[in-house]
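Each chain, letter by letter, is given below.
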Amino acid sequence: MAKDRSGSVRPFLAWTARMWSAVALTMLVGGCVLLQSRSGSSSSARTPKDAVVRQERAECGRLTEKEVKKRDYLPPCPATPPGLHGKLKVREDVSLEEAVQDLADGVGVGGSWAPPDCVPRWSIAIIVPFRDRQPQVGPFLYHMHNFLQRQQLNYSIYIVEQEGTELFNRARLLNVGYLEALREGPFDCYAFHDIDMLPEDDRHLYHCSEQPRHLAVAASNHNYKSSHSLVYNKYFGGACLMTQDHLARVNGWSNIYWGWGGEDDDMWRRLSFEDLPVWRFPANIARYRTIKHGPQVVNNKRYQTLKRNTGRYPNDGLSTIKYIVKSVVRHPLYTHIAADIGTPLPPS
Ligand code: BGC
């Protein structure tokens with residue numbers, strides 16, 4: 001369902017103002033690189049001095065307040081972005097250096113961008129859970145910046161890395177990324193996006209609506225069979241879009257899935273408990289190339305854990321996650337958040 005037009009522009013302007021204050025704070029503390037250690041979602045805001053903020057912003061390639069103000073006079077971006085290509089060539093061989101060289105000029109430090117000549121209809125935070133996938137960073141950033149810019153979105157890319165050697169917990173990283181992005185937003189829309197999923201058609205528009213949206217409908221790792229058939233109709237993995245309202249209703253993602261699998265099925269359950277039906281673009285457009293990677297440790301207990309989710313989600317999710325942000329580094333094409341997300345409970 002389409003969102004009200006003005007409704008999508010106003011939040012952007014409000015967001016822009018909030019974004020700059022958040023950026024200002026960040027810059028004040030540590031220039032373009034902020035190393036910090038904080039717990040959960042608490043914040044300790046300090047009011048920065050305007051002059052310092054302006055200077056820091058200029059150093060980091062951000063817009064000045066005057067430039068931001070100028071945007072108030074721009075027309076809204078057209079409902080259908082004019083520069084879409086349709087089917088895309090996906091390159092898996094781009095190094096991070098090449099991506100930076102090609103794209104960094106137009107992108108704000110930390111991986112934020114907004115179209116220069118119109119007011120975007122949507123702001124979106126792209127949240128990417130991460131560990132041990134360095135070779136995929138270049139292809140992902142190269143592809144996604146080009147893709148999102150052609151859609152004239154106002155976006156920021158956050159790569160959230162799990163510290164330590166514990167089993168991977170994708171859902172906890174998604175909760176952390178969401179809470180940290182929210183502090184810099186809010187955004188109209190949050191994409192939870194695996195780093196190995198590259199959309200193959202830019203008509204696959206990344207904006208939210210009243211229903212949560214599953215993005216990765218037909219992916220090369222499933223032989224492009226649509227989620228409706230081969231995978232299973234309740235498939236919610238790979239990449240999806242949700243609003244702040246959706247996330248508040250389901251209390252974000254479950255924190256208890258360690259190892260590969262199950263957390264996306266759990267989210268599907270939460271959405272059904274909340275009567276939030278998921279929608280998808282058609283499989284010929286919602287196509288993804290999956291970058292190959294090594295094996296992952298599968299969570300063999302995931303279906304048992306899933307069965308226990310008969311409505312426990314108010315006590316497991318955003319309201320209960322405990323984590324420590326170890327560092328936030330604003331790279332030219334993305335913000336890197338390293339987090340200690342804890343360990344699984346010992347078996348009882
Ligand atoms: C897992 C999901 C995964 C799906 C498709 C299921 O068995 O629990 O997490 O997305 O398979 O690969």
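Residues numbered from 1 in each chain as written. Predicted model: local features only at pLDDT ≥ 70, side-chain atom pairs only at ≥ 80, totals over all residues. Heavy atoms only, no water.

Asks: I would appreciate a short explanation of the overall build of the protein chain in the present structure.
Replies: A tally of regular secondary structure across the protein chain gives 10 helices and 13 strands. Counting over 348 residues, the protein chain shows a buried share of 56%. Pairs at least 24 apart in sequence give 83% of the contacts found in the protein chain among residues at least 6 apart. Split by element, the accessible area of the protein chain, about 15800 Å² in all, is 54% carbon and sulfur. (Helix = DSSP H or I, 4+ residues; strand = E, 2+ residues; numbered from the N terminus. Buried < 20%, exposed > 50% of the residue type's maximum accessible area, 1.4 Å probe, protein only. Contact = heavy atoms within 4.5 Å. Areas by Shrake-Rupley, 256 points an atom, 1.4 Å probe, with all protein chains shown as cover.)

Asks: Got a minute to help me understand the site of the ligand in this structure?
Replies: Inspection of the region around the ligand gives His 222, Tyr 232, Tyr 235, Trp 260, Gly 261, Gly 262, Asp 264, Asp 265, Arg 302 and Tyr 303 as its neighbouring residues. One of the side-chain nitrogen or oxygen atoms of Asp 264 is found 2.5 Å away from an oxygen atom of the ligand. Between an oxygen atom of the ligand and a side-chain N or O atom of Asp 265, the distance comes to 2.6 Å. Of all elements in the fold, only helix 9 (263-273) and helix 10 (302-307) reach the threshold of two or more residues within the shell around the ligand. Residue composition of the shell around the ligand, by class: 4 nonpolar, 3 polar and 3 charged. (Near = heavy atom within 4 Å. Polar contact = N/O pair within 3.5 Å; in protein donor to acceptor, adjacent residues only side chain to side chain. Nonpolar A, V, L, I, M, F, W, Y, C, P; charged D, E, K, R; others polar.)

Asks: Teacher, can you tell me more about the pattern of salt bridges here?
Replies: Under the definition given, this model contains 17 salt bridges. Note that Glu 92 is salt-bridged to Arg 289, the shortest N-O span being 3.0 Å. Here Arg 289 lies in strand 11 (residues 287-290) and Glu 92 lies in the loop between helix 3 (65-70) and helix 4 (96-103), a separation of 197 residues in the sequence. Looking at Arg 289, the relative accessible area reads 27%, which means it is partly exposed. In this structure, Glu 274 and Arg 249 form a salt bridge, with 3.3 Å as the shortest nitrogen-oxygen distance. With Glu 274 in the loop between helix 9 and strand 11 and Arg 249 in helix 8 (residues 244-250), the pair connects residues that are 25 residues apart, well separated along the chain. Its relative accessible area of 34% is what places Arg 249 among the partly exposed residues. By sharing partners, the salt bridges in this structure join Asp 266, Arg 270, Arg 312 and Asp 316 into a single network. (Salt bridge = Lys/Arg side-chain N within 4 Å of Asp/Glu carboxyl O.)

Asks: Would you take a moment to explain the nonpolar core for this structure?
Replies: When a protein is soluble and globular, its nonpolar side chains tend to lie buried together. The biggest cluster of nonpolar side chains holds 39 residues, and the ones touching the most others in it are Ile 124, Ile 126, Phe 140, Leu 148, Ile 157, Ile 159 and Tyr 206. Residue assignment for this core shows that the elements contributing at least two residues are helix 4, strand 4 (123-130), helix 5 (134-150), strand 5 (154-162), strand 6 (189-193), strand 7 (197-199) and strand 10 (239-242). Excluding residues within four positions of it along the chain, Tyr 206 makes contact with Ile 124, Ile 126, Met 144, Phe 147, Leu 148, Gln 151, Leu 153, His 193, Pro 199, Leu 215, Leu 241 and Tyr 288. Within the second largest apolar cluster, 34 residues are counted, among which are Tyr 178, Phe 187, Tyr 190 and Ile 341. (Core = buried A, V, L, I, M, F, W, Y, C linked by side-chain atoms within 4.5 Å.)

Asks: Even after reading the chapter, I still don't get the state of the cysteines, so can you show me in this structure?
Replies: In this structure the tally under the stated criterion is 2 disulfides. Cys 77 shares a disulfide with Cys 118; S-S distance 2.0 Å. Taking the sign of the S-S torsion, about 90 degrees here, the bridge from Cys 77 to Cys 118 comes out right-handed. Highlighted residues: Cys 77 in the loop between helix 3 and helix 4 and Cys 118 in the loop between strand 3 (112-113) and strand 4, separated in sequence by 41 residues. The exposure class of Cys 77 is buried, given its relative accessible area of 2%. Disulfide pairing places Cys 189 opposite Cys 208 at an S-S distance of 1.9 Å. Its torsion about the S-S bond being 70 degrees, the disulfide of Cys 189 and Cys 208 is classed as right-handed. Pair noted here: Cys 189 is in strand 6 and Cys 208 is in the loop between strand 7 and strand 8 (213-214), with a separation of 19 residues, a long-range link. A relative accessible area of 4% means that Cys 208 is categorised as buried. Cys 208 supplies the cysteine sulfur nearest to Cys 240, a cysteine that is in no disulfide, at a spacing of 9.2 Å. (Disulfide = S-S within 2.5 Å.)

Asks: Help me understand the confidence of the model for the protein chain, please; the structure alone is not making it clear to me.
Replies: Segments scoring low in pLDDT should not have their predicted coordinates read at a detailed level. Residues with a pLDDT of 70 or more make up 78% of the protein chain, whose mean pLDDT is 83. Segment residues 1-37: pLDDT under 50, and 81 contacts once partners within four positions in sequence are set aside and those in other chains are kept. Note on residues 41-62: pLDDT under 50 across the span, and 33 contacts to partners over four residues away in sequence or across chains. (pLDDT = per-residue confidence, 0-100.)

Asks: What am I meant to see in unusual backbone geometry here?
Replies: For residues besides glycine, phi is generally negative; the peptide bonds are generally trans as well. Looking along the chain, the bond that leaves Gly 185 and enters Pro 186 is cis, with omega of 5 degrees. Mapped onto the secondary structure, Pro 186 falls in the loop between helix 6 (170-184) and strand 6. Within the chain, Asp 132 stands out as a residue other than glycine whose phi angle is a positive 55 degrees. Here Asp 132 shows up in the loop between strand 4 and helix 5. Not every positive phi belongs to a glycine, and Gln 152 is a case in point at roughly 55 degrees. The buried category is assigned to Gln 152, whose relative accessible area is 15%.

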